[in-house]
There are 2 protein chains.
Amino acid sequence: MEMTCIGTDQELTALARRTREDLLQRMEDHLRAFLSAEHELWAGVNDRAVGAVTALTDLVAAGGKRIRPAFCIAGYLAADGDPGDPAVVTAAAALEMLHASALIHDDVIDASDQRRGRPTVHAHHSALHARHAWQGEARRFGEGVAVLVGDLALVYSEQLMAAAPAAVVPVWNTLRSELMIGQYMDMTAAAEFCVDPALSRWIALAKSGHYTIHRPLVVGAGAAGRPDLAPAFEKYGEAVGEAFQLRDDLLDAFGDSADTGKPAGLDFAQHKMTLLLGWAMQRDDRIHDLVTTPGHTPDEVRRRLLDTGVPDDVEKHIGDLVEQGCEAIADVPIDPVWRGELAAMAARVAFRTT
Amino acid sequence: MEMTCIGTDQELTALARRTREDLLQRMEDHLRAFLSAEHELWAGVNDRAVGAVTALTDLVAAGGKRIRPAFCIAGYLAADGDPGDPAVVTAAAALEMLHASALIHDDVIDASDQRRGRPTVHAHHSALHARHAWQGEARRFGEGVAVLVGDLALVYSEQLMAAAPAAVVPVWNTLRSELMIGQYMDMTAAAEFCVDPALSRWIALAKSGHYTIHRPLVVGAGAAGRPDLAPAFEKYGEAVGEAFQLRDDLLDAFGDSADTGKPAGLDFAQHKMTLLLGWAMQRDDRIHDLVTTPGHTPDEVRRRLLDTGVPDDVEKHIGDLVEQGCEAIADVPIDPVWRGELAAMAARVAFRTT
């Protein structure tokens, strides 16, 4: 009897996963079909017009983890949303399109030349400008193109989200303005070399906890007509988002750019007061001294962090955060299969290697 | 009898103008109230968070011609829209907010340091960075802030337009993607020093005819439930938009930055293949040689244009375009008072001095 029960659970879990993967694939197809229709539209207008759409299509086609669509779809299915309804597919596509916009602009702001294992939009266009010896400055040209391609992606994300139920509008609005303001705060805090772990934590919550996990889940639950799930998803998202961001910081600090598809050590080089540094300096005075004294090279920061045993400590902390995330949804009225799936997803984003 | 008739017409015109001005004032109040509510919201979150909203509020408060809201409201009232309905006020505010976003990003792309008589967002923040000797590069910081503040304005423009009737969504979508792609084409054509008057005309249509006049009018008419007016408004907008852009080019080439609130001669300095140059080179071989030979200073281009009598010719052409615009709405089924008002608006944007 127990064995049958376990067998059924496994079958249900496998079915839930297949449904989610199927919806993710439909999101992927929808993104490509949307961009392909835009390409065709602008190709009919002028040869030169399609360049902006092509640059965006290339970034989307280069892959990425699709974490925000995955959480949106999981939130929707956990809230018992109808898998046949196309609304969640376009909502998830809108989140990924917004993310493309954020990445393109973020790479300009961070002067980062690699994304998803390829040159960033601005780096590619600056190189093109230099190669052809066009008029003006290559840097300004590349960055200008990236600003406009990112703007176009932001507009497209709106167009996609317009097909979602009206219930998701408030969370969608908050998600976007919070993203822009979180990025703004991240940038100004780094420039001013602002050593404030509470601020680092707030920025990480805005940029990761809310943007990547909590609000995509709530968009999904809202599309399924279950706004009651929002508080539990918020707690889950904050904990798992913190784990996600700490992992991001670890990968930036100690990871291999061949795995992540972006340059390593960028946060240190840009004096980013990351969640990792904020967390570490509260636990170890030597890190506090390291952080508050400017002028250290990325390699120095990396070595000192290793010396103090921070990476091992933070691994343990990430594990605790995943546990907290799972506890946050322990009593929420959703199918146990989806409770399990959300737990598995928390572990996946927290312990990812890319 | 005739005098009474004229008297009534004048009264009706004055009433129409007051209604339009009243709606424009409500648009202004709505913009400010919206930004003020956002300021309050983010001030409650973190002191540092409000900087992005403040930068945007300052630009909006610095004035501007409000041409797009004015055409939106005129299109709405010409289409017999109810002046008491708040939908047109938020739609007009959305157009102005989108324009704020476009200006902020455009000034980064053009490396322009003055807008509405004040430092541009990026110039202001670069100077702030330099003054405080913050971490990193001042240029990147200023431009990064401007990218994010422009993104925030783009998001806000969406939030504002969400209150408009669903009928305006298609034209709103086209207006935005066309703006981004028009800007992209403008930039790449300038970099590649692409001498193609037909292309210059297409870019001017996208950036001015459609963005500034035609589509704002159609947004207004759509909000009033009169999509049938779109074809006449398109013809009107294309002609008046061309006049508007030629005036813009003349002001950039020969105007005084104390009047326009932005630097003079920027188009020549950036090798922009403007509508003015495209138009002039088709009429005069000497301009063709001037345009196709790179290396001329802005002053040289300016002097040669004056020598060939282009400014006088283009003034006449602008007059013809205004006439074409008026003809396009001569038979359209709208109140004659509004036909007259649209004619007056065409003349105002075509013969403006700032």
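Everything below is about the structure printed above this text.
Just so it is clear, the structure is predicted and the values come from calculations on it, not from any experiment. (Residues numbered from 1 in each chain as written. Chains lettered and ligands numbered in written order. Predicted model: local features only at pLDDT ≥ 70, side-chain atom pairs only at ≥ 80, totals over all residues. Heavy atoms only, no water.)

K.L.:
Describe the overall build of chain A, and please don't skip the residues or the numbers.
P.N.:
Across its full length, chain A carries 16 helices and two strands. Taking 354 residues into account, the globule formula puts the C-alpha radius of gyration at 20 Å, and chain A, at 21 Å, falls close to it. When its C-alpha atoms are laid out on the principal axes, chain A stretches across 70 × 60 × 35 Å. Burial statistics for chain A: of 354 residues in total, 58% are counted as buried. Counting contacts in chain A only where the partners sit at least 6 residues apart, residues at least 24 apart contribute 74% of the total. Approximately 13800 Å² of chain A is accessible, and the part contributed by carbon and sulfur atoms is 53%. For chain A, the separation between the mean place of its 33 positive charges and that of its 52 negative charges on side chains is 3 Å. (Helix = DSSP H or I, 4+ residues; strand = E, 2+ residues; numbered from the N terminus. Rg over C-alpha atoms; globule rule 2.2 N^0.38 Å. Buried < 20%, exposed > 50% of the residue type's maximum accessible area, 1.4 Å probe, protein only. Contact = heavy atoms within 4.5 Å. Areas by Shrake-Rupley, 256 points an atom, 1.4 Å probe, with all protein chains shown as cover. Lys, Arg positive; Asp, Glu negative; His and termini not counted. Charge placed at Lys NZ, Arg CZ, Asp CG, Glu CD.)

K.L.:
Break down the interface of chain A and chain B for me, with residues and values.
P.N.:
Facing the 52 residues of chain A at the interface are 52 residues of chain B. Both faces combined, the contact of chain A with chain B buries some 5300 Å², and carbon together with sulfur accounts for 68% of it. Viewed at the interface, chain B and chain A are joined by six salt bridges. The partner of Arg 139 of chain A in a salt bridge is Glu 137 of chain B, and the shortest N-O contact between them spans 2.9 Å. Counting every contact that joins chain A to chain B gives 13 residue pairs in polar contact (both at pLDDT 80 or more). Among the secondary structure elements, those contributing two or more residues to the side of chain A that touches chain B are α2 (50–61), α4 (87–109), α6 (138–161), α7 (169–191) and α8 (197–223) of chain A. Partitioning the side of chain A that touches chain B into residue classes produces 30 nonpolar, 12 polar and 10 charged. (Buried area = accessible area lost by both parts, 1.4 Å probe. Salt bridge = Lys/Arg side-chain N within 4 Å of Asp/Glu carboxyl O. Polar contact = N/O pair within 3.5 Å; in protein donor to acceptor, adjacent residues only side chain to side chain. Nonpolar A, V, L, I, M, F, W, Y, C, P; charged D, E, K, R; others polar.)

K.L.:
I'd like a description of the relation of the copies chain A and chain B, backed by residues and values.
P.N.:
For the match of chain A to chain B, the screw axis carries a shift of 0.0 Å, the RMSD comes to 0.0 Å, and the turn is 180 degrees. Here the two chains are linked by the operation of a two-fold rotation axis. Interface residue correspondence from chain A to chain B reaches 100%, placing this contact among same-surface, isologous pairings. (Least-squares fit on C-alpha atoms with pLDDT ≥ 70 in both.)

K.L.:
An account of the packing of helix α9 (residues 230–254) of chain B against helix α15 (residues 310–328) of chain B is requested, with residue identities and associated values reported.
P.N.:
Residue and element names in this part refer to chain B. One can describe the packing of α9 onto α15 by two numbers: an axis separation of 8 Å at closest approach and a directional angle of 160 degrees. In this view, α9 runs roughly antiparallel relative to α15, as classed from their interaxial angle. The two elements α9 and α15 cross, and the hand of that crossing is left-handed. Mapping the contact onto sequence places Ala 232, Lys 235, Tyr 236, Ala 239, Val 240, Glu 242, Ala 243, Leu 246, Arg 247, Leu 250 and Phe 254 in α9 and Pro 311, Val 314, Glu 315, His 317, Ile 318, Leu 321, Val 322, Gln 324, Gly 325 and Ala 328 in α15. When grouped by side-chain class, the residues that make up the contact of α9 with α15 number 14 nonpolar, three polar and four charged. (Axes fitted to C-alpha atoms, helices over the stretch in contact; angles between N-to-C directions. Parallel < 35°, antiparallel > 145°, perpendicular 65-115°, else oblique. Left-handed = near helix turned anticlockwise from the far one by under 90°.)

K.L.:
Which residues make up the packing of helix α6 (residues 138–161) of chain B against helix α7 (residues 169–191) of chain B, and what values do they have?
P.N.:
Residue and element names in this part refer to chain B. It is the contact of α6 with α7, at a shortest axis distance of 12 Å, that shows an interaxial angle of 165 degrees. When the axis of α6 is compared with that of α7, the two are roughly antiparallel. Crossing handedness for the pair α6 and α7: right-handed. Of α7, the residues touching α6 (which contributes Leu 154, Ser 157, Glu 158 and Met 161) are Trp 172, Arg 176 and Met 180. Its residues assigned to classes, the contact of α6 with α7 shows four nonpolar, one polar and two charged.

K.L.:
Lay out the environment of Glu 234 of chain B with the relevant residues and their values.
P.N.:
All names here are of chain B. When you line up the elements, Glu 234 lands in helix α9. Taking the relative accessible area as the measure of exposure, Glu 234 reaches 33% and is therefore partly exposed. Residues Glu 234 and His 210, 24 residues apart in the sequence, show an inter-C-alpha distance of 7.6 Å. Sequence-distant contacts of Glu 234, defined by excluding residues within four places in its chain, comprise His 210 and His 214.

K.L.:
Please give an account of the packing of aromatic side chains that cites residues and values.
P.N.:
The full count for this structure, using the stated rule, is six aromatic pairs over all chains. A ring pair is formed by Trp 134 of chain A and Phe 141 of chain A, whose centres lie 5.5 Å apart and whose planes are at 70 degrees; its orientation type is edge-to-face. (Phe/Tyr/Trp six-rings, centres within 6.5 Å; stacked < 30°, edge-to-face > 60°.)

K.L.:
Describe the side chain of Glu 242 of chain B, with residues and values.
P.N.:
Residues and elements named next belong to chain B. Structurally, the position occupied by Glu 242 is in helix α9. Overall, the relative accessible area of 11% leaves Glu 242 in the buried class. Those residues within four positions of Glu 242 in sequence are excluded, and the remaining contacts are Arg 201, Gly 237, Leu 275, His 317 and Leu 321.

K.L.:
For α8 of chain A, give the residues involved together with the corresponding values.
P.N.:
Residue and element names in this part refer to chain A. By the largest-angle criterion, His 210 marks the main kink of α8, which is about 55 degrees. Burial within α8 is extensive, with 23 of its 27 residues counted as buried. Regarding α8, its N-cap is Asp 196, as a side-chain oxygen of that residue lies 3.1 Å from the backbone nitrogen of Ala 198 further along. Backbone geometry just after α8 places Gly 225 at a positive phi near 75 degrees. (Bend = angle between axes of the 7 residues up to and from the residue.)

K.L.:
Explain helix α14 (residues 298–307) of chain A to me, and be specific about the residues and the numbers.
P.N.:
Residues and elements named next belong to chain A. Within α14 the residues assigned to the buried category are Val 301, Arg 302 and Leu 305. For α14, the arc enclosing every buried residue in end-on projection is 100 degrees, short of the 170-degree limit, so these residues lie on one face. Contacts made by the buried residues of α14 are with α9 (230–254), α11 (266–269), α12 (275–283), α13 (285–292) and α15 (310–328). (Arc of directions from axis to C-beta.)

K.L.:
How would you sum up the environment of Ala 347 of chain A? Please name residues and give values.
P.N.:
Residue and element names in this part refer to chain A. Along the chain, Ala 347 falls in helix α16 (residues 336–350). Note on Ala 347: relative accessible area 29%, which makes it partly exposed. Spatially, the C-alpha atoms of Ala 347 and Ser 112 are 28 Å apart, while their sequence positions differ by 235 residues.

K.L.:
How would you explain the nonpolar core if you had to name every residue and give the values?
P.N.:
Judged by nonpolar contacts, the single largest core of 237 residues is most densely connected at Tyr 236 of chain A together with Tyr 236 of chain B. What Tyr 236 of chain B contacts, discounting residues up to four positions off in sequence, is Phe 71, Ile 213, Leu 217, Gly 241, Gly 325, Ala 328, Ile 329, Leu 342, Met 345 and Ala 346 of chain B. (Core = buried A, V, L, I, M, F, W, Y, C linked by side-chain atoms within 4.5 Å.)

K.L.:
Could you give an account of the pattern of salt bridges, naming the residues involved and the relevant values?
P.N.:
Residue and element names in this part refer to chain A. Going through the model one piece at a time under the given rule, you end up with 44 salt bridges over all chains. Across the pair Glu 341 and Arg 20 runs a salt bridge whose closest N-O atoms are separated by 2.8 Å. In this pair, Glu 341 sits in helix α16 while Arg 20 sits in helix α1 (residues 2–43), placing the two residues 321 residues apart along the sequence. Between Arg 302 and Asp 299 there is a salt bridge; the shortest N-O distance is 2.3 Å. Remark: Asp 299 and Arg 302 occur in helix α14; sequence separation between them is three residues, near one turn of the helix.

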